[in-house]
Amino acid sequence: MDQPTAAFSAPGKVLLAGGYLVLDRNYTGLVCGLDARIHVHVHKLQTSPGLTLSEIIVKSPQFRDAEWRYGYRETEEGGGIEVTQLKGHSTSAQSRNKFVETALAYALTYASAVDHTKIGPASFTILADTDYYSHPGSSGSEIPTTTDRFLGFNVPLHEAHKTGLGSSAALVTAFTTAVVAHYAPHAVVDMSSAQEKSRLHNLAQAAHCAAQGKIGSGFDVAAAVYGSCVYRRFSPSILEGLGDVGVKGFSTRLKSIVEDTDPTKKWDMKIDKKFAAVVPRDLRLMMCDVDCGSETVGMVRNVLSWRKAKPEEALLLWETLQKGNEDLATELQSLASKPANSSEDYENIREVMLTIRSLIREMSSKSGVPIEPEVQTGLINACCQLPGVVGGVVPGAGGFDAVALLLEDKEYAIDALRQFLENYRVKANEGGGVSIGKVRLLGVKQEDQGVRKETPTNYQDWLR
Ligand SMILES: Nc1ncnc2c1ncn2[C@@H]1O[C@H](COP(=O)(O)OP(=O)(O)OP(=O)(O)O)[C@@H](O)[C@H]1O
Ligand SMILES: C[C@@](O)(CCOP(=O)(O)O)CC(=O)O
């Protein structure tokens, strides 16, 4: 049974502490959900009388030529629903979208395993909040102001520079939820039910890993489903052996992974919401985008190969960093539990953030991976001198993704930061060979809400 229209959204993330460590189940990551969300709207495609159409259309209308058309068919021997990209007017090889394609096949397979009715034609529209991408049209440090929540970026998706907020995880989470809700509505009835959430998580995690071609820590999908948390990863063995769409028995294996019914593959990740606030209400998280972006895969490979080559040195560093990361979570939680407007002393947070950064720089220099590159050190240090700024970090894998700052949530502090960034530039000879142009202050801030249902009529302007 399919539903006429529905919409869902999932948030982006920033891994404030625990990059690299969180890949190992012995350590945790402190992840903060953001108010930047990716939305997916779905409606049934009406066919003219006498015409049979079996097509699923996925559009991302903020980008040029971002439309993907898929045919679908049930494979033999329980291999699930295979999707094939159809040659449309704009489907060049370059326009394949691995995340959309994989998420569609996985979610259709699960939906048809739980609800045996026929898959019908439908149209999905993806809309992303502005800050997921650096967009050349925006002026420097200004937070873009627009009456429309969604901007048209006027470039093809592959040309948009990502800022590192986890667009693929938010997309896969909102998209798989929309597909399941459309084709198997009884599986997504009450978005606050723990069982539904964990099933949506398991499905999104499986699809995201398959699309990425690797089993990462999954903190980004966890944040997209649950919002802010302290995250301990799942054992990779849960997803190993799942196989791919089309392989005999895939549908049954996927269903049992999603519903967590295989006693040998029990989901063992931990989502600790005790720290749900992560950023206390008197502080604000802000992000500065240097518009360079980073190749996370290569960085992870090199850090892990150093860890393997120097296990004793790495163990000491990992343990010390974990302690720093836990101290940060504890400090933030203790602040969050104080009454609003009590006079705050941010000295402990300042100190612990400095300690974490110095350990991260040690990881950088020992592994030879630019996790906190010189230009980012300069930028964070300079921002930390400003009134009201408590501290900053290179989040996640680090590199040249947007840096995260914690500052007092007061106008004077935000204005001072905005003014400072207006004129901030680094030339190559000052920045260890890397020059950065304008640093853009993103409009994002912390928001602790995972995947949620939205009102479908909110997207009318983009559904042409
Ligand atoms: N608005 C969108 N519409 C359609 N597909 C999108 C959209 N945004 C992201 N994607 C998909 O996600 C991919 C980018 O994912 P990737 O994991 O490289 O970056 P990220 O998740 O934004 O960043 P990071 O992992 O550094 O946080 C794109 O290539 C595309 O397949
Ligand atoms: C390096 C790593 O620990 C964090 C990557 O974070 P991000 O995508 O840079 O936000 C990888 C992972 O956890 O999958």
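Residues numbered from 1 in each chain as written. Chains lettered and ligands numbered in written order. Predicted model: local features only at pLDDT ≥ 70, side-chain atom pairs only at ≥ 80, totals over all residues. Heavy atoms only, no water.

**Student:** Explain the site of ligand 1 to me, please; I cannot follow it from the model alone.
**Tutor:** The full set close to ligand 1 counts 18 residues, and Ser60, Asn97, Tyr133, Ser167 and Ser168 are the nearest of them. Contacts to ligand 1 include lysine 13, whose side-chain N or O atom sits 2.9 Å from an oxygen atom. One of the backbone nitrogen or oxygen atoms of glycine 166 is found 3.0 Å away from an oxygen atom of ligand 1. In isolation ligand 1 exposes 640 Å². Once the protein is present, 82% of that is buried. Contributing elements (two or more residues each) for the shell around ligand 1: β6 (122-128) and α2 (167-183). It is α2 that contributes the most residues to the shell around ligand 1, three residues altogether. Of the residues contributing to the shell around ligand 1, the split by class is nine nonpolar, six polar and three charged. (Near = heavy atom within 4 Å. Polar contact = N/O pair within 3.5 Å; in protein donor to acceptor, adjacent residues only side chain to side chain. Areas by Shrake-Rupley, 256 points an atom, 1.4 Å probe, with all protein chains shown as cover. Helix = DSSP H or I, 4+ residues; strand = E, 2+ residues; numbered from the N terminus. Nonpolar A, V, L, I, M, F, W, Y, C, P; charged D, E, K, R; others polar.)

**Student:** Before we go on, may I ask you to explain the environment of lysine 273 in this structure?
**Tutor:** On the secondary structure map, lysine 273 appears in the loop between β10 (270-272) and β11 (283-289). Judged by its relative accessible area of 32%, lysine 273 is partly exposed. Leaving out residues up to four positions away in the same chain, lysine 273 has contacts with Tyr226, Gly227, Ser228, Cys229 and Asp448. At 2.7 Å, the side chain of lysine 273 and the backbone oxygen of tyrosine 226 are in polar contact. (Buried < 20%, exposed > 50% of the residue type's maximum accessible area, 1.4 Å probe, protein only. Contact = heavy atoms within 4.5 Å.)

**Student:** What should I look at first to understand unusual backbone geometry in this one?
**Tutor:** Leave glycine aside and you will find that most residues have negative phi; peptide bonds, for their part, are mostly trans. With a phi angle near 70 degrees, tyrosine 20 is a residue other than glycine that sits in the positive phi range. Locating tyrosine 20 in the fold gives a position in the loop between β1 (5-17) and β2 (29-44). For tyrosine 20, a relative accessible area of 4% gives the class buried. Look at asparagine 154: it is not a glycine, yet its phi comes out positive at around 60 degrees. Looking at the secondary structure, you find asparagine 154 in the loop between β7 (133-134) and β8 (161-162).

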